[in-house]
Amino acid sequence: MPETIDKVAIQLKVNGKLYSLAVEPRTLLVELLREELNLTGTHVGCDTTYCGACTVLLNGASVKSCTMFAVQADGAEILTVEGLAKDGKLHPIQKAFGDSYGLQCGYCTPGLMLSTFQLVTKNHEPSENEIRKAIAGNTCRCTGYQNIFKAIRLAAQNMKGA
Amino acid sequence: MSGNGQKWVGKAVPRKEEERLLRGLGKFADDIKLHETLYLRFVRSPYAHAKIANISTAEAEKIPGVVCTLTGAEIASQTQPFIEIAPDAGGKIRDYPLAVSKVRYQGEPVAAVVAMSAAIADDGAEAVQVDYEALDPVVDAEQALTDASILHEDAGTNKVWNGVFEYGDVEKAFREAASVVEIDRMHFHRFSSTPLENNVVIGQWDPKDERIYYWCNNSFPSFAIQFLAAHLNVHIDRIRVQTFDIGGSFGIKITSYPQMAVCALASKKAGGRPIKWVETRSEHMTSSAHGNERTFRDTRVALDENGVITALTSRHIDDCGAYPRYEPLGCVIWSQVFPGVYRFKNARIDFSQAVTNKCPVGPNRGYSRMQHLWFLERVVDICAHELGIPADEMRLRNYIRPQEFPYTTPNGCVYDSGNYPKMLDLAKGLIGWDAWKKKQAEARKQGRMVGIGIGTTLDSGTNNFGQSQIVNPGAPFSGNSQGANCKLDIYGEVVVAVGSCPQGQGHETTAAQVVADVLNITPDLVTVRTGFDTERNVHTGFSGTYASQFAVSGLSAVHGAAQKLKAEMIRLGAHVLESKPEDLDFGIGGQGPEIRSKSNGKSINYWGLANIVNVNSAVLPPELYEVTLNCRYIWRAPFKVPDIKKKYGNLTMTYASQLHIAVVEVDRDTLIPKILDYVAIDDCGTVINPPIVEGQVYGATAHGIGAALLENCVYDEVGNMLTSTFSDYIPITAMNMPNVKYGHIETPSPHSYSGAKGMGEGGAAPIHTISAALQDALFDKGVFIQDSFNNADSLFRALHGEIGQTAKLVKVERRVGSKA
């Protein structure tokens, strides 16, 4: 273990806001979001890229922020759950999850909604199989997924008009 | 005036919890950041069983940013071992939060490192040197009982507990039986519901007031503080525990008190700074808690000429891992559902529990009852098959009948209500039983292995802690209780606090529904405090969230507090409005929620009432001084202490029931089991909030399906845990969760004020149901489904004669007069 670790300067945009930061090379993206930027809506569940509680959108693609170093996000645009609502109004995906009882403890929900975001922004009529595949990397331990399937179908419908 | 008598209980009221959770503004323990926080990492044993020869923390302490370290020996010198619930010899086990002279499972913490950052604490933990001398590990409970290698020298035996549960006249029933079925061995596997949020503790031993503060996600805080106060030698009032949003527990977070102890002691050593410990997933998998593993030996079943079970004898061995902790309570808790849903009266079960070199167990969803219910469902299916009775018909012949409720079981439990035949009917209708039977017959002709299975289970809720005296006559527990407070705050807001510790069950919503009905207002006008806090003074020694009880214990407490508040509001309102109490109406007026007099039309809103009591009290006549509009109510379950010698008494208040049917195909080429169709029927009495109940059923169903087919805590023969990450353990995902057809019936409970029954654990019905379906698929292959966990690998071994051979494991004796 080195005595001192040189920090690396990075710049990234999170939820539309530009940040210039110096981070340790070993800092994970999720640590940066949670600890430095205080965006604690992004969660950690498994540490091994299985559960997707840490899912965020990086340049529009869903990624697991526990499996990326913060320095790899240099220059990127990131969307987290905190950036979904606009002007205080819930995003149609958030509304769909709420209306469908698509959450219980709510720990997996931010990651699930961002995986849903990636799916339904492009696809307003996802098939059952497309829905299942879109969230294959998001584990939920409370809901048994049934109401999440409903929520994603409803979100896709909500997005049609959006 | 709105608040027009509309009732909210029973309605699909949207969850109050949703708004913050959807915005990413839920407050989970790891989200809490306190000034001057230090971070703690554990050094853990790579061995399942070894002597600790030496621990050197010197190198770790040299790392810049490491503040201090802590070892087991240091802790043992300043604390008491944790309370053991077992009588001797199990009671002699000495359990400390860090291993003292030896380690007893892989992942057991042996030291802790405290540092300025989590990363530095990680570096420090890696620099701690521990020398081990390996000992023989014991990973099988039956082997453990031979005491060839002893885990706890103070106890002198690996047997934690043993007791015989005998009722009726077993010998007579066997003498008179038309047939006797014998089953050699069955095994319920070890798994965990693995909440997505790991354990988190922030602990502070504040030298300024000598109090210990916790911000954490423990799910049974009033149990934790009882263990912590005795361990740390402090008055229980010195410990404050707060929880906030919790990312699931399923019982697994009940036993996080050892880590809570370490955080407090580390804080003390670090000068009172808050210590944060955030468990990693691998730590969670190896060393938080697993569900109980159980082996069933030498089972004998007596049946009459109609295939009705008349008696049963068996020997059950429970594996509690390296330390009993919540155990041996599981050694009696299974007997809440002693006969399951069946009518047999005569039975003898010899029950033992052993320690093994594996992760300690904790009360995982379906705790201790699901193992027993799985056993009974296996027995029923095997008997049905051996006697040539269809599985559905076998159940109808053996079910407790609807007209027999309330039904007293052989061991004195009172099943409040239920209608199992009706549930079976509904399930068969929803899944299309007859059509599937036809399809199955056609598939079999093509050589496909398709099976249809039924599982009928119970979710016993609100338990009588008097059953602890059955395992230990000296245990100072009995009954059950819960506390709640309902008040009008200074500006008239309705505020509710309750001693539960929710993790997604929607307690804020259902509590608001109950209060809204009492006061004839709307649930959005009721604020329900989030999480648990000892300082709210609404907890009893049983407070927390576990054992399927909030709808009964929690909401009864809330209802009681709301009634008390209402009575005070009536007293005050009658005085202020110059009316008779019976002339007062509750509702919502132009200035918010109010009380109005029917006789003179005068009204006063909640602000007005709260104003008088809190800040304008000179207008009160002395006879109303006792009105506080701040009402604490403790609800108590009407239990008696059970007869300890006979192991007889009512152990639980309500019995929700589940009936599931699964159609499963075992792929001919890969042997991967696939669910083709699935139905889940639930009966939890009067439903408080239908979508919340439905959500609980889906969740419990996913846990059961995951456990039946995917999730298994695997240890090798020397106690290495082979499933220590999610990628190895494979929690069920959207890719392997089938669509579930949901239905429900309501048989209101006569035991609760609202007719509701506790629910949520779901009896692990899918495990039994899938075992039954696999059994049905493989009967004609000579395979006996003897384990609760089945995957392509185990089915391959069974189909190749290595395990689970019916001919070897099941014997049937048919006697003269047997029609079956």
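Residues numbered from 1 in each chain as written. Chains lettered and ligands numbered in written order. Predicted model: local features only at pLDDT ≥ 70, side-chain atom pairs only at ≥ 80, totals over all residues. Heavy atoms only, no water.

### Quick look at the overall build of chain A
Selection rule: Helix numbering and strand numbering both begin at the N terminus, where a helix is a DSSP run of H or I of at least 4 residues and a strand a DSSP run of E of at least 2. As a reference, a globule follows 2.2 Å times the number of residues to the power 0.38, and the radius of gyration itself is taken over C-alpha atoms. Per-residue accessibility, obtained with a 1.4 Å probe over protein chains only, is compared with the maximum for each type, and a residue is labelled buried under 20%, exposed over 50%, and partly exposed between these values. Residue contacts are defined here by distance: any two heavy atoms, one from each residue, within 4.5 Å place the two residues in contact. As used throughout, the charge tally considers Lys and Arg to be positive and Asp and Glu to be negative, leaving His and the chain termini uncounted. Positions of charges follow a simple convention, taking NZ of Lys, CZ of Arg, CG of Asp or CD of Glu.
For chain A, the helix and strand inventory stands at five helices and five strands. Counting helices and strands in the order they occur from the N terminus, chain A gives β-β-α-β-β-β-α-α-α-α. Against the 2.2 N^0.38 benchmark of 15 Å for 162 residues, chain A shows a C-alpha radius of gyration of 16 Å, consistent with a compact globule. Principal-axis analysis of the C-alpha atoms places the extent of chain A at approximately 50 × 30 × 25 Å. Taken over 162 residues, chain A has a buried fraction of 57%. For chain A, the share of sequence-separated contacts (at least 6 apart) that also reach a separation of at least 24 residues comes to 56%. The distance from the centre of the 16 positive side-chain charges to the centre of the 15 negative ones in chain A is 10 Å.

### Regarding the domain arrangement of chain B
Residues and elements named next belong to chain B. Going by this rule: Residue ranges assigned to each domain were obtained from an automatic or database domain assignment. Two parts placed together each lose some accessible area under a 1.4 Å probe, and the buried area is that loss summed for both. In the sections that follow, a salt bridge refers to a side-chain nitrogen of Lys or Arg positioned within 4 Å of a carboxyl oxygen of Asp or Glu.
Each assigned domain of chain B is listed with its residue range as follows: domain 1 (18-25 + 481-537 + 546-636), domain 2 (32-135 + 199-278) and domain 3 (161-192 + 289-466 + 642-814). Each of domain 2 and domain 3 was reduced to a C-alpha centroid, and the two centroids are 36 Å apart. Between domain 2 and domain 3, the residue contacts involve 25 residues of the former and 27 residues of the latter. Counting each side, the surface lost to burial between domain 2 and domain 3 is near 2100 Å², with a carbon and sulfur contribution of 62%. On the domain 2 side of the contact with domain 3, Y105, F250 and I252 bury the most area, a combined 27% of that side's loss. Seen at the junction of domain 2 and domain 3, the total is one salt bridge.

### Details of the nonpolar core
Just so we agree on the cut-off: By nonpolar core is meant a set of buried Ala, Val, Leu, Ile, Met, Phe, Trp, Tyr and Cys residues that side-chain atoms within 4.5 Å join together.
Residues F97 of chain A together with Y214 of chain B are the most contacted members of the largest nonpolar core, which totals 214 residues. A484, V514, V515 and M653 of chain B belong to the second-largest nonpolar core, a separate cluster that totals 52 residues.

### A look at helix α16 (residues 507-519) of chain B
Residue and element names in this part refer to chain B. Using the following cut-off: Helix span, expected: 1.5 Å multiplied by one less than the number of residues in the helix.
Its 13 residues give α16 an end-to-end C-alpha distance of 18 Å, which sits within 8% of 18 Å, the value for a rise of 1.5 Å per residue. Burial analysis of α16 places 13 of its 13 residues in the buried class, the great majority of the element. Following α16 by one or two positions, N520 adopts a phi angle in the positive range, close to 55°.

### Details of the pairing of strand β26 (residues 652-666) of chain B
Residue and element names in this part refer to chain B. The condition is simple: Two strands are said to pair when DSSP picks up at least two bridges between them.
For β26, the buried fraction is high: 15 of the 15 residues fall into the buried class. In the sheet, strand β18 (residues 449-463) pairs with β26 via 14 bridges, with the strands oriented antiparallel. Note that in β26 the partner of M449 across the bridge is V666. Two strands pair when backbone bridges link them, and β26 and strand β27 (residues 673-683) are joined in this way by 10 bridges, in the antiparallel orientation. Residue pairing in the sheet places L659 in a bridge with I681 of β27. Counted between consecutive antiparallel strands, the loop separating β26 from β27 contains six residues, among which L671 sits at a positive phi close to 65°.

### As for the side chain of D517 of chain B
All names here are of chain B. Structurally, D517 is set in helix α16. Among buried charged residues, D517 stands out as having no salt bridge; its nearest opposite-charge side chain is K7, 4.9 Å away. In contact with D517, not counting residues within four places along its chain, are Q6, K7, W8 and V9.

### Describing the interface of chain B and chain A
What counts, and what does not: Here the term charged refers only to Asp, Glu, Lys and Arg, the term nonpolar to Ala, Val, Leu, Ile, Met, Phe, Trp, Tyr, Cys and Pro, and the term polar to all other amino acids, Gly among them.
Residue-level contacts link 59 residues of chain B with 49 residues of chain A. Interface area for chain B against chain A, summed over the two sides, is near 4300 Å², with a carbon-plus-sulfur share of 54%. Contact with chain A buries surface across chain B, with L22, R23 and L196 of chain B losing the most and accounting together for 18% of the total. The set of elements that each furnish at least two residues to the side of chain B that touches chain A consists of α1 (18-22), α4 (118-127), α19 (690-709) and α20 (726-729) of chain B. For the side of chain B that touches chain A, a count of residues per class yields 28 nonpolar, 19 polar and 12 charged.

### Observations concerning the pattern of salt bridges
For the structure shown, the criterion picks out 57 salt bridges over all chains. Salt-bridge contacts for E176 of chain B lead to K172 of chain B; the nearest nitrogen and oxygen are separated by 3.7 Å. Note that E176 of chain B and K172 of chain B are positioned in helix α6 (residues 170-176) at a spacing of four residues, about one turn of the helix. Since its relative accessible area comes to 56%, E176 of chain B is described here as exposed. As a salt-bridge pair, K741 of chain B and D677 of chain B come within 3.0 Å of each other at their nearest N and O atoms. Residue K741 of chain B is located in strand β28 (residues 741-744), and its partner D677 of chain B is located in strand β27; the two are separated by 64 residues in the primary sequence. Among the residues examined, K741 of chain B registers a relative accessible area of 33% and is labelled partly exposed. Through salt bridges that share partners, R34 of chain A together with D30, D31 and K276 of chain B make up one connected network.

### A few points about the environment of D776 of chain B
Following the sequence through the fold, D776 of chain B ends up in helix α21 (residues 765-778). Apart from residues lying up to four places away in sequence, D776 of chain B is in contact with Q440, R444, V450, G451 and I452 of chain B.

### Looking at unusual backbone geometry
Following D88 of chain B, the chain continues to A89 of chain B via a peptide bond in cis, the omega torsion being 0°. In this fold, A89 of chain B is placed in the loop between α3 (72-78) and β4 (102-103). In this model, E327 of chain B is joined to P328 of chain B through a cis peptide bond whose omega is 5°. Within the secondary structure, P328 of chain B sits in the loop between β14 (309-319) and α10 (330-333). Backbone geometry at N38 of chain A places phi at a positive 60°, although glycine is not the residue there.

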